[in-house]
Amino acid sequence: MHEIIRVTGLTKKFKDLTAVNDLSFSVKQGDVYGFLGQNGAGKSTTIRMLLTLIAPSAGTIELFGKKLQGNKHEILSQVGAVIEKPDVYKYLSAYDNLRLFAKLSGKKIGPAQLMEQLETVGLASRAKDKVKTFSQGMKQRLGIAIALVHDPKMIILDEPTNGLDPHGIADIRNLILRLSRERNKTILVSSHLLTEIEQIATRVLIIDKGKKLVEGTAEELFDPAQTVVELSTLDNAAAARQLAGSQWAIMLQPQREGRVVLKLDRKSIPDLHRYLVQHNVDVLSLQPRHSLEDYFLQLTSGNQHVDAFTD
Amino acid sequence: MKHIYRFTLILIAAFGLQLTSHGQDVMPLIKKVKAKLDKVNDYTATGTMKTDVVFIKAPIGKVTIYYKKPNKFKLKKESGISVLPKGGVTVTMNNILSSKDFVAINAGKEMVGSFMTTKVKLVPTNDSSEIVLSTLYIDETDEVIRKAITTTKENGTYEIEMSYGKYLSYGLPDKLTFSFNAKDYKLPKGITMEFGDEDKPKKEELKNKKGKVEITYSAYTINKGVADSVFKN
Amino acid sequence: MWTLLQIELYKIFRRPRTYIAFAAITALIAIIQLGLKVDGKSYMEFVMADLNRSFSIEGNLLNGYFVCYVLLNLLLVHVPLLISLIAADMISGEANMGTLRLLLTKPVSRTEFILAKFIAASIYTLILLVWLAVLSLFVSMALFGTDDMFVMKNYYAVQISEDDVFWRYVGAFGFAALAMITVAALGFFLSLFAENSIGPIVTTMSVIVVATILSTMSIPLFEAIKPYLFTTHIVTWKEFFDEKVDVNNEVIKGTLQNPQRIINSVVVLCVHIVGFVAASIWIFKKKDVLS
């Protein structure tokens, strides 16, 4: 599998703010690449740099094995994108919008193909209606139709589920899976919601304050052998001492807010539980998380989105 | 659209013919001029008219002039807009002839161009006359009026110069120049919407406010009859 | 490039806003024509008052050519405001709608994108002027007939023969088109800097209003900059309605009194257009699209 995107040392500075800081990652063909980070972490800036909307301050971007700078036309004709809200011309119909953007993609796309595209996103019946009468979800689907209309090899979706209801979110998720499995598209999808990414991504990159936090395959990051347990007891210090003198000591992690943290295989959790009971540790709670979730929770602790990551 | 003008000042000379008995010494001369003009019962003339006023840029226009005895006169411009001095319209035959009493005074000889003329001053005896004073310059050899200067109460002084050619025997001019004093012209910028000042004329140009109307006759058709309807407005 | 231009024109002429200017011009011209048709006589008396003291001017003074001249005098000051409605919205409007980022993720060059948009705005301007010409010249000719054209200037009047007028209008409208494209270029340039269209539209209008005031005020302080203000040159179309005279003060048909003045204005306006468009391209190529 060869690389579709290779980003090296990518940096973007806006006056005093460094939005993206020395970021490197690569996306391989067929990946559904989950790009995770809080709002303002630098996801959008990175995506805009991939799409030539923003010029990098430093670093290189290669797409399809070619430098983005100097090969813009060739590269962009193989990319489809939805960036944040999918805004289109409100005074035009869905069909006319699709036709207009299809024309710009440089490929000849006939009326039948345009209608077919609207069919796949479920807008065929509203093709002639002006977009100003559309709901947010319909606009989102039209945006995706526009991104797909020229049959690009790679699709970039920036926060595609923003502003959608649960039904709409499920629709988008299913569409992404279908595009990946049935049409073998490489997809880069960004989100600030872990739940969205973990259900579809084959690889995941988490960034924070413009820097890479962790990158890996879903198998690695969702590995049950790498489960993190957070232990809350009546006397955390005593519990920590107890565990430090036992066979669990090698699994101990630095404490967080006084709580004891261990990293272990998911299968060992009942044993841990038993050990604590046998040694009279008064357990208040024992919360297991896979490592990706743990990362993200650390990242967003105290954040309004924290509830989205708990089971 | 054709426009009709009473450009009757050409015939201003004719009022001399209406004089009765003042200025005995010049009467025979005036009578001779009258006799010559009397040969013409009517005419239709074609020609060109040019308005020459320093602050008006006007093209030459084609005109047709109609005349019928005793005092019917009409100037028609073939097309376009005509700009004529106001006096030319208001000093009509009628208001000149309404007062018949003039005193004719021989004022000596004077050259008009290369022609020796007799200068005759006509002073109306009627106070209500529009004309204050007229001076005719009569060529005794050819028995025609070469020049006339008329001062009016309302419209200033006019000067008419005539030159003769083919139609000398009828006393009809080939060219007639009507000179007058043009008043100041300046329009506020609000009306013209011209905001630049570059077009301001030089001071000496403004002083020279004499305007002229020139009529050059190319052909006359004499005594072939002119319908009265032509003179109606 | 051709595809981009087609798309831009398609967008312009599918927007309701585009037709505001056409409706406004139609309404204004109709009102003025109606007014002159009904009460033209007293208007002419007012305008001609000064000349009428010494002269008797006859003929169809209030003809179609004259009415068109009056209309152009009144309208060409305001048409820039209508043009800025569209031109100052070309980039900022797309940024505001959020379509700019989508357009620029397509394989199009930014230079071509800017040029296509500017040309589209210029075509809109031209069509607006053609519409203005049809209404103000041809409809006026039909309503008021034709005759010699009598133009009053501050210090003199010009009478132009009927058969010498039409080409002057062709020239005047051609010049007006150039002047209005300059306005479009200004609005277009300003539209780069905002993510809503109100800002650039108001800024364009303000620049025009301020520059027009500077151009019309005869204050020595401003005289020095006057020749460089494009608003000074917008009114140069009037030079087409002034003729040369020969030594006998006789009009020479088919001449212009100050052809050099027209050429100067054309040069100044062209420099403005090229400057604004080049600056637009230069800035836009480096611009980070954050909208």
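Residues numbered from 1 in each chain as written. Chains lettered and ligands numbered in written order. Predicted model: local features only at pLDDT ≥ 70, side-chain atom pairs only at ≥ 80, totals over all residues. Heavy atoms only, no water.

What to know about the overall build of chain A
Scanning chain A from N- to C-terminus turns up eleven helices and 14 strands. Considering only C-alpha atoms, chain A reaches an extent of 75 × 40 × 40 Å along its principal axes. With 311 residues in all, chain A has 53% of them scored as buried. Partitioning the contacts of chain A with sequence separation of at least 6, the portion at a separation of at least 24 is 68%. (Helix = DSSP H or I, 4+ residues; strand = E, 2+ residues; numbered from the N terminus. Buried < 20%, exposed > 50% of the residue type's maximum accessible area, 1.4 Å probe, protein only. Contact = heavy atoms within 4.5 Å.)

Here's the deal with the side chain of Thr217 of chain A
Residues and elements named next belong to chain A. For Thr217, the position within the fold is in strand E10 (residues 211-217). Note on Thr217: relative accessible area 17%, which makes it buried. Apart from the residues within four sequence positions on either side, Thr217 is in contact with Thr202 and Arg203.

A short note on the interface of chain A and chain C
Each partner contributes residues to the interface: chain A has 31 residues there, and chain C has 28 residues. In this assembly, chain A packs against chain C so that about 2800 Å² is buried in total across both faces, 60% of it on carbon and sulfur atoms. Put simply, chain A and chain C have three salt bridges between them. Residues Arg14 of chain C and Asp96 of chain A are paired through a salt bridge, measuring 3.1 Å at the closest nitrogen-oxygen approach. (Buried area = accessible area lost by both parts, 1.4 Å probe. Salt bridge = Lys/Arg side-chain N within 4 Å of Asp/Glu carboxyl O.)

Concerning helix H9 (residues 198-216) of chain C
Residues and elements named next belong to chain C. With 19 residues, H9 should cover 27 Å at 1.5 Å per step; its first-to-last C-alpha distance of 27 Å lies within 8% of that length. The complete set of buried residues in H9 reads Pro200, Ile201, Thr204, Ile208, Ala211, Leu214 and Ser215. Relative to the axis of H9, the buried residues are bounded by an arc of 165 degrees and lie together on one face. The elements touched by buried residues of H9 are helix H4 (79-87), helix H5 (92-97), helix H8 (166-190), helix H10 (220-223) and helix H11 (230-234). (Expected span 1.5 Å × (residues − 1). Arc of directions from axis to C-beta.)

Observations concerning the domain arrangement of chain A
Each assigned domain of chain A is listed here: domain 1 (3-217) and domain 2 (224-289). Placing a centre on the C-alpha atoms of domain 1 of chain A and another on those of domain 2 of chain A gives a separation of 41 Å. (Domains from an automatic or database assignment.)

Details of a nonpolar patch on the surface
Residues and elements named next belong to chain C. Together, Val130, Trp131, Val134, Phe138, Phe166 and Val170 give the surface a local cluster of nonpolar side chains, amounting to about 510 Å² of exposed area. Looking at the nonpolar patch, the elements with two or more residues in it are helix H7 (110-144) and H8. Mapped onto the elements of the fold, Val130 is located in helix H7. Val130 gets classed as exposed once you look at its relative accessible area, which sits at 52%. (Patch = residues over 30% accessible without salt bridge, like charges linked within 9 Å, V, L, I, M, F, W, Y side chains within 5 Å. Areas by Shrake-Rupley, 256 points an atom, 1.4 Å probe, with all protein chains shown as cover.)

Looking at the packing of aromatic side chains
Summed over all chains, the structure comprises 25 aromatic pairs over all chains. Aromatic pair Tyr158 of chain B and Phe178 of chain B: ring centres 5.0 Å apart, planes at 20 degrees, arrangement stacked. Within this pair, whereas Tyr158 of chain B is found in strand E11 (residues 157-164), its partner Phe178 of chain B is found in strand E12 (residues 173-181), the two being separated by 20 residues in sequence. Under the relative-accessibility criterion, Tyr158 of chain B is labelled buried at 4%. Among the residues examined, Phe178 of chain B registers a relative accessible area of 0% and is labelled buried. Relative to Phe22 of chain C, the ring of Tyr19 of chain C lies with its centre 6.2 Å away and its plane at 40 degrees, an arrangement referred to as tilted. (Phe/Tyr/Trp six-rings, centres within 6.5 Å; stacked < 30°, edge-to-face > 60°.)

Some remarks on the side chain of Lys238 of chain C
Tracing the backbone through its elements, the reader meets Lys238 of chain C in the loop between H11 and helix H12 (259-286). At 2.8 Å, the side chain of Lys238 of chain C and the side chain of Asn73 of chain C are in polar contact. (Polar contact = N/O pair within 3.5 Å; in protein donor to acceptor, adjacent residues only side chain to side chain.)

Here's the deal with the sheet that holds strand E3 (residues 56-57) of chain B
With mixed pairing, the three strands of this open sheet are ordered in space as E3(B)-E3(C)-E2(C). Pairing within the sheet leaves two strands with one partner each, and these edge strands are E3 of chain B together with strand E2 (149-152) of chain C. Where E3 of chain B lies against strand E3 (residues 157-160) of chain C, two bridges are found, and the strand directions are parallel. Opposite Lys57 of chain B, over in E3 of chain C, you have Val158 of chain C as the bridge partner. (Pairing = 2+ DSSP bridges.)

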